[in-house]
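Reading the structure
If you want the building blocks of each chain, they are given just below.
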Amino acid sequence: MDMQLYVLSPILIAAMLKSPRLSAILISFSVLFCMVASFVVTWKWEFQVLSKEYIAHYYYLTHLKAAPWLIGFIMGYVFSTGLDGKGKVLSKRTIVLCWSAWFFAIVVQMVAMIYVWGTPGIYFENTLRKLAWVYALSWIAFCCHFGYGGPLNTFLSLPIFQILSKLTYSSYLVHGLLILTLKGNMHSPVHATHFEMIVQTCGFWVLTQFAALLFNLTIESPMILLTTLVKRKQE
């Protein structure tokens, strides 16, 4: 799925450079299509999260999970060109509206986490929650990038977050294998309580950061340095 979207990205970039407004409208309709398709598939199969049907008929299908990537693509384009390519400033009404949508996105996250194992929860999970989460992150990044973050931008600019941000991609690559390995080595079932899940999540996160640090120092950083040296020689 990731590779398919990666191959699609040059086409979308060319379209955005030629006709940004039309391309943004088409991408918005594509996001809407992904939402509707996710709802229909979920309604048809009535699967639960991480079930065999969920993996087979939803998890690996690009057109059902492309919406968050499309939103991220739009945000990347906005970051690279400015608000509208001319440094346009957002009005106070627009900022209030976007923050209101952000709070609604957080509510969607909470509802989805509470009811994720029920029928309403799985619809929220597949149709709205991922998009709401992407929007929440995108709006915070947008505010901080264009000077609307205020104290939030100051807090997120602390050195500790700069260190963790360098491990983000490595964490993404190693966390799944780490969780599968640890879960696969359990010899007895675990009673799933909220406290147990919190303990496991914190433990997985800490171990993932250590694994990501090792991966970053041995593979990612050397490859970045090597790529930089090659480019300098070519120039």
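Look above for the structure.
Residues numbered from 1 in each chain as written. Predicted model: local features only at pLDDT ≥ 70, side-chain atom pairs only at ≥ 80, totals over all residues. Heavy atoms only, no water.

**Looking at the overall build of the protein chain**
The number of helices and strands found in the protein chain is 11 helices and zero strands. Reading the secondary structure of the protein chain in the N-to-C direction produces α-α-α-α-α-α-α-α-α-α-α. Judged by the C-alpha coordinates and their principal axes, the protein chain covers about 60 × 45 × 40 Å. Each of the 235 residues in the protein chain was classed as buried or not, and the buried ones make up 29%. For the protein chain, the proportion of contacts with a sequence separation of at least 24, taken over those separated by at least 6, is 73%. When the accessible area of the protein chain is evaluated, it comes to approximately 16,400 Å², of which 73% is carbon and sulfur surface. The protein chain carries 16 positive and 8 negative side-chain charges, and their two centres are separated by 11 Å. (Helix = DSSP H or I, 4+ residues; strand = E, 2+ residues; numbered from the N terminus. Buried < 20%, exposed > 50% of the residue type's maximum accessible area, 1.4 Å probe, protein only. Contact = heavy atoms within 4.5 Å. Areas by Shrake-Rupley, 256 points an atom, 1.4 Å probe, with all protein chains shown as cover. Lys, Arg positive; Asp, Glu negative; His and termini not counted. Charge placed at Lys NZ, Arg CZ, Asp CG, Glu CD.)

**Details of the packing of aromatic side chains**
Working definition: an aromatic ring pair is given by the centre-to-centre distance plus the angle between the planes. Across all of its chains, the model carries 10 aromatic pairs by this definition. With centroids separated by 5.1 Å and ring planes inclined at 85°, the aromatic side chains of Tyr-59 and Tyr-60 adopt a geometry described as edge-to-face. We classify Tyr-59 as partly exposed; its relative accessible area is 34%. Its relative accessible area of 58% is what places Tyr-60 among the exposed residues. What links up through ring pairs into an aromatic cluster is the set Phe-79, Trp-99, Trp-102, Phe-103, Trp-139, Phe-142 and Phe-146. Above the plane of the ring of Tyr-59 lies Lys-65, whose end atom (NZ or CZ) is 3.8 Å from the centre. (Phe/Tyr/Trp six-rings, centres within 6.5 Å; stacked < 30°, edge-to-face > 60°. Lys NZ or Arg CZ within 6 Å of the ring centre and 35° of its normal.)

**As for helix 1 (residues 2-18)**
The end-to-end C-alpha distance of helix 1, which contains 17 residues, comes to 25 Å, matching closely the 24 Å that a straight helix rising 1.5 Å per residue would cover. By the burial criterion, the buried members of helix 1 are Leu-5, Ser-9, Leu-12 and Met-16. Tucked into the core, helix 1 has its buried residues touching helix 2 (20-45), helix 4 (62-65) and helix 5 (67-81). (Expected span 1.5 Å × (residues − 1).)

**Considerations on the packing of helix 1 against helix 5**
At a closest axis distance of 11 Å, the pairing of helix 1 and helix 5 adopts a crossing angle of 45°. Comparing their axes, helix 5 and helix 1 come out oblique. Taken as a pair, helix 1 and helix 5 cross one another with a handedness that is right-handed. Contact with helix 1, carried on its side by Leu-5, Ser-9, Leu-12, Ile-13, Met-16 and Leu-17, involves Trp-69, Leu-70, Phe-73, Ile-74 and Tyr-77 of helix 5 and no other residues of that element. Residue classes in the contact of helix 1 with helix 5 are distributed as 10 nonpolar, one polar and no charged. (Axes fitted to C-alpha atoms, helices over the stretch in contact; angles between N-to-C directions. Parallel < 35°, antiparallel > 145°, perpendicular 65-115°, else oblique. Left-handed = near helix turned anticlockwise from the far one by under 90°. Nonpolar A, V, L, I, M, F, W, Y, C, P; charged D, E, K, R; others polar.)

**Some points on a nonpolar patch on the surface**
A cluster of nonpolar side chains, contributed by Phe-155, Leu-156, Leu-158, Ile-160, Ile-163, Leu-164, Trp-205, Val-206 and Phe-210, occupies part of the molecular surface with about 850 Å² of accessible area. Within the residue set of the nonpolar patch, elements represented by two or more residues are helix 8 (151-156), helix 9 (159-165) and helix 11 (194-234). The residue Leu-164 is located in helix 9 in this model. (Patch = residues over 30% accessible without salt bridge, like charges linked within 9 Å, V, L, I, M, F, W, Y side chains within 5 Å. Salt bridge = Lys/Arg side-chain N within 4 Å of Asp/Glu carboxyl O.)

**Overview of the packing of helix 1 against helix 2**
Two numbers describe how helix 1 lies on helix 2: the axes approach to 5 Å, and their chain directions differ by 135°. Relative to helix 2, the element helix 1 lies oblique. Touching Ala-15, Met-16, Leu-17 and Lys-18 of helix 1 are Pro-20, Ser-23, Ala-24 and Ile-27, all from helix 2.

**A short note on the side chain of Ser-38**
Of note, Ser-38 is situated in helix 2. From its side chain, Ser-38 meets the backbone oxygen of Cys-34 in a polar contact 2.8 Å long. There is a polar contact of 3.1 Å between the side chain of Ser-38 and the backbone oxygen of Leu-64. Discounting residues that sit within four places of it in the chain, Ser-38 has contacts with Tyr-58, Leu-64, Asn-126 and Thr-127. (Polar contact = N/O pair within 3.5 Å; in protein donor to acceptor, adjacent residues only side chain to side chain.)

**Concerning the environment of Met-1**
In this structure, Met-1 sits in the segment before helix 1. Excluding residues that lie within four positions of it along the chain, Met-1 makes contacts with Leu-61, Thr-62 and Lys-65.

**What to know about the nonpolar core**
Formed by 14 residues in total, the largest nonpolar core has its most connected members in Trp-102, Ala-105, Ala-132, Ala-136, Trp-139, Ile-140 and Phe-142. Looking at which element gives the most residues to this core, the answer is helix 7 (residues 119-145), with seven residues. Leave out the neighbours within four places in its chain, and Ala-132 touches Ala-105, Val-108 and Gln-109. In this structure, Ile-27, Ala-67, Phe-73 and Leu-131 belong to the second largest nonpolar core, which totals 12 residues. (Core = buried A, V, L, I, M, F, W, Y, C linked by side-chain atoms within 4.5 Å.)

**Quick word on the state of the cysteines**
Here, disulfide denotes a covalent bond that connects the sulfur atoms of two cysteines. One pass over the structure, following the stated rule, counts zero disulfides. Free cysteine Cys-98: the closest other cysteine sulfur is in Cys-143, separated by 7.6 Å. (Disulfide = S-S within 2.5 Å.)

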